[in-house]
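# Architecture and fold: a report
Residues per chain, in single letters:
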Amino acid sequence: MAFFVSLDTLDQPTTAKEIRHALKSPRTRKSPAAPPSDIPPALWERIKDHPCYSEEAHHYFARMHVAVAPACNIQCNYCNRKYDCSNESRPGVVSEKLTPEEAYRKIIAVANEVPQLSVLGIAGPGDACYDWRKTKETFARIAKAVPDLKLCLSTNGLALPDHVDEIADMNIDHVTITINMVDPEIGAKIYPWIFYNHKRYTGVEASTILHERQMLGLEMLTARNILVKVNSVLIPGINDAHLSTVNAEVKKRGAFLHNIMPLISDPAHGTHFGLTGQRGPTPAELQAVQDACEGGANLMRHCRQCRADAVGLLCQDRGQDFPISSIPEDITYDPTKREAYRAVIARERDDHRQAKHAAAVALRDAESSARILVAVATQGGGRVNQHFGHAKEFQVYEASAAGVRFIGHRKVDAGYCGGGGDTALDGIIKALAGVEVVLCAKIGECPQEKLVAAGIATSDAYAYDYIESAIGDYYADRYGLKQLALRA
Amino acid sequence: MAMKIIASQCTACGACEFECPNAAISVKRGVFTIDPKLCTECNGQFDSPQCATVCPVDNTCVPA
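Residues numbered from 1 in each chain as written. Chains lettered and ligands numbered in written order. Predicted model: local features only at pLDDT ≥ 70, side-chain atom pairs only at ≥ 80, totals over all residues.

If you tally the helices and strands in chain A, you get 15 helices and 16 strands. The 488 residues of chain A split such that 48% are buried. (Helix = DSSP H or I, 4+ residues; strand = E, 2+ residues; numbered from the N terminus. Buried ≥ 20, exposed ≤ 12 C-beta atoms within 10 Å, placed from the backbone.)

Helices and strands together make up the secondary structure of chain B, namely two helices and four strands. Ordered by position from N to C terminus, the α and β elements of chain B give β-α-β-β-α-β. The C-alpha atoms of chain B give 10 Å as radius of gyration, which agrees with the globular expectation for 64 residues (11 Å, within 12%). Along the first, second and third principal axes, the C-alpha atoms of chain B reach 30 × 20 × 20 Å. Per-residue burial for chain B yields a buried fraction of 38% across its 64 residues. Long-range contacts, defined as pairs at least 24 residues apart, comprise 62% of the intrachain contacts of chain B with a sequence gap of at least 6. (Rg over C-alpha atoms; globule rule 2.2 N^0.38 Å. Contact = placed C-beta atoms within 7 Å.)

Another point: the sheet that holds strand S7 (residues 199-202) of chain A. In any sheet, the strands associate via hydrogen bonds between backbone groups, in a parallel or an antiparallel arrangement. All names here are of chain A. Read from one edge of the open sheet, three strands run S2-S6-S7, paired in antiparallel fashion. Each having just a single partner strand, strand S2 (74-75) and S7 make up the two edges of the open sheet. The pairing of strand S6 (residues 193-196) with S7 spans four bridges and is classified as antiparallel. Paired with Tyr196 across the bridge in S7 is Lys199. (Pairing = 2+ DSSP bridges.)

In this section: helix H14 (residues 467-479) of chain A. Residue pairs three or four apart in sequence face the same way in an α-helix, which turns once every 3.6 residues. Residue and element names in this part refer to chain A. If you check H14, its first and last C-alpha atoms are 18 Å apart, about what 13 residues at 1.5 Å a residue would give, namely 18 Å. Of all 13 residues that make up H14, 12 are buried, and the element is covered over most of its length. Listing the buried residues of H14 in full gives Ile467, Glu468, Ser469, Ala470, Ile471, Gly472, Asp473, Tyr474, Tyr475, Ala476, Arg478 and Tyr479. (Expected span 1.5 Å × (residues − 1).)

Residues and elements named next belong to chain A. Between helix H3 (residues 100-113) and helix H4 (residues 132-145), whose axes approach to 9 Å, the crossing angle comes to 35 degrees. Handedness of the crossing formed by H3 with H4: right-handed. Of H4, the residues touching H3 (which contributes Pro100, Ala103, Tyr104, Ile107 and Ile108) are Lys134, Glu137, Thr138, Arg141, Ile142 and Ala145. (Axes fitted to C-alpha atoms, helices over the stretch in contact; angles between N-to-C directions. Left-handed = near helix turned anticlockwise from the far one by under 90°.)

In this section: the interface of chain B and chain A. Across the contact, 11 residues belong to chain B and 11 residues belong to chain A. Among the elements that make up the side of chain B that touches chain A, the one with the highest residue count is helix H2 (residues 50-54) of chain B (three residues). A breakdown of the residues in the side of chain B that touches chain A according to their chemical character gives six nonpolar, four polar and one charged. (Nonpolar A, V, L, I, M, F, W, Y, C, P; charged D, E, K, R; others polar.)

Attention now goes to the packing of helix H11 (residues 336-366) of chain A against H14(A). Residue and element names in this part refer to chain A. Put simply, H11 and H14 touch, their axes get as near as 8 Å, and they point 15 degrees apart. One way to sum up the angle between H11 and H14 is to call them roughly parallel. For H11 against H14, the interelement crossing comes out left-handed. Side by side, H11 and H14 meet where Ala355, Lys356, Ala358, Ala359, Ala362, Leu363 and Ala366 of the first sit next to Glu468, Ser469, Ile471, Gly472, Asp473, Tyr475, Ala476 and Tyr479 of the second. Broken down by class, the residue content of the contact of H11 with H14 amounts to 10 nonpolar, two polar and three charged. (Parallel < 35°, antiparallel > 145°, perpendicular 65-115°, else oblique.)

It is worth spelling out the sheet that holds strand S16 (residues 457-459) of chain A at this point. Residues and elements named next belong to chain A. If you walk across this open sheet you meet the five strands as S14-S13-S12-S15-S16, and the pairing is mixed. Two strands close off the open sheet at either side, each with one partner strand: strand S14 (403-411) and S16. This sheet shows a mean twist of 25 degrees between the axes of neighbouring strands, independent of strand direction. The sheet contact formed by strand S12 (residues 372-376) and strand S13 (residues 393-400) spans five bridges and is antiparallel. Its bridge partner lying in S13, Ile372 is registered against Ala399.

If you want it as C-alpha cells, here you go:
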C-alpha cells in the first residue's frame with residue numbers, strides 16, 4: 001500500500017545518525033496499568049455497560065430512549081417543540097410519543113431483539129423531572145420486568161430538586177442535567193422563559209432561578225452518590241468562552257462527566273436560533289472548547305446527540321424499526337439474547353483491552369513525534385469493520401507516541417454507496433478535514449483515488465482489527481523506526 | 001369565562017393538563033380540550049391562567 005508523503009515527516013529524524021541516537025536514548029517504560037487506568041474499580045462497575053458514560057462501553061452496548069414525558073417547564077432558544085420528523089436526528093425530536101404502557105411494550109420488544117441493550121433513558125422531548133408522573137410510572141414498570149436494565153434520565157434541572165429522593169429510591173443511577181451557563185446574564189440569551197411555582201419568569205430572573213435549581217439538583221444528586229453527566233450546548237458567541245467556567249463549576253459539585261455538544265441550528269428547524277441565523281460551531285471550534293476544559297470534569301467525546309426516541313448502538317439508530325403499531329398487546333420479556341450477548345462480550349472486552357495495551361506499546365516504541373488524526377469506519381464491537389461506502393459517520397482518533405486517543409465522530413450526510421456518490425464524497429472529504437488516513441473494511445478504487453487527491457490516505461489493510469490495533473499498526477508502519485531507517 | 005385550546009397549534013405535550021387546578025383539561029385520541037364548565041381562567045387561584053402560562057406555543061391556550 002503506497003502512502004502519500006505528508007508534511008508531518010519533516011519533523012522526523014531522517015538521517016541514520018539521528019535514528020541511531022534515537023535508538024540509544026532510554027525508553028521510559030511504564031508498567032501496564034489495568035485499563036481503564038483512570039477510573040476506580042467501584043465506579044467502573046457502575047459505568048462499564050453504559051454506552052453514554054463509558055467510551056469503551058459504547059462500542060458494545062446500546063441505549064434506548066422512550067418519549068413518555070413530553071411536557072416541559074422551560075423554553076430554550078435551540079428547541080422547537082412542534083417539530084416531529086423521522087429524518088431528523090437530534091435531541092428533542094421524536095416520531096411518536098408514548099404512554100407509559102406503550103413504552104413498556106416497546107422496551108420489552110427491543111430488549112427481546114437488540115441483545116446489546118443495556119440502558120433505558122427518558123430524555124425528552126419535554127423534561128423527565130417536570131413530567132415526573134409518566135417518567136416514574138415507566139421506570140417502575142420496566143424495573144420489575146427487566147431488573148438489570150440501567151435507568152437514566154435527562155433534565156433541565158428546574159424540577160430536579162423536587163424528585164432527587166425518588167430518583168435515589170428507584171435506583172436511577174445516571175442523571176444528565178443540561179447546563180449551558182452558570183452566569184444568568186448568559187442564560188438570558190439562551191432561555192426566553194421558565195415556568196416555576198405557577199408563574200412564568202423571563203430574562204435574567206428566569207435564568208437566575210434555573211441556575212440555582214440546577215446547582216442545587218446537582219449537589220443533591222452527587223451527595224447521594226448518583227452519577228451526573230452535564231450536557232452543555234456550545235453556542236458560538238454566547239457561551240463558547242464560558243463553558244470552561246461551567247466545566248469547573250460542575251466538577252466542583254461532583255459531576256462525573258461533561259458533554260459539550262455543538263449547537264444544531266437550521267432555519268428549517270423553526271427554532272429561535274435557527275430563525276435568527278445563530279450558527280453552530282465547526283468541529284475545530286468544538287474541539288478547541290473541549291480541549292480548553294481538559295483537566296476539569298471528564299469530557300464525553302463520543303456523544304451522537306441522538307434523537308429522543310433512539311434505539312441501538314450509538315453509531316446506529318433503529319428507533320424506526322419498532323413502531324408501536326407493530327408491537328403485540330401482550331408481549332413478554334425473553335432474556336435469552338441479552339444473556340448470550342453479555343457472555344460473549346465479557347470475553348471480547350478482555351481481548352480488546354489487551355489489544356489496546358499492545359497498541360499503546362507499539363505507538364510508544366515507534367518513537368515518533370508525529371501526531372495524526374485517523375478516521376475509522378466501524379459498525380460497533382470496537383473494530384474496523386465497515387465498508388467505506390456504507391459509513392454515515394467516521395470515528396476520529398488521534399495517534400501519537402502518547403497513545404491512541406478518541407477525539408470524536410464526524411457525521412456525513414449520506415454514505416458514498418447510499419445513493420450519495422460523488423456529491424456525497426465531496427461532503428465526506430469536507431467532514432474529514434485534518435484527517436491523515438481513513439481505515440475501513442473495504443474501499444473502492446474510485447473513492448480512494450479522490451480521497452488521495454484531496455490529501456487523505458485510505459487503507460483496508462487493517463480490516464476487522466480492533467480500532468486501536470489498526471491505528472497502532474498503521475502508525476508503526478508509517479512512522480516507526482524501521483520505516484524511517486528504510487527511508488534514511 | 002373559559003379558556004380554549006387551538007388544536008392546530010397544540011403540540012399535545014400535556015403540560016396544561018396537569019397544571020390545571022380545576023381538572024378542566026382532558027385528552028381524547030391525542031387532542032386536548034378544556035371543559036368550559038370547569039375552567040375558571042384560574043381567577044382567584046393564580047396570577048394568570050396556568051394553561052397559557054406553561055404552554056410552549058404562543059397564542060394556543062386563549063380565552064374562548
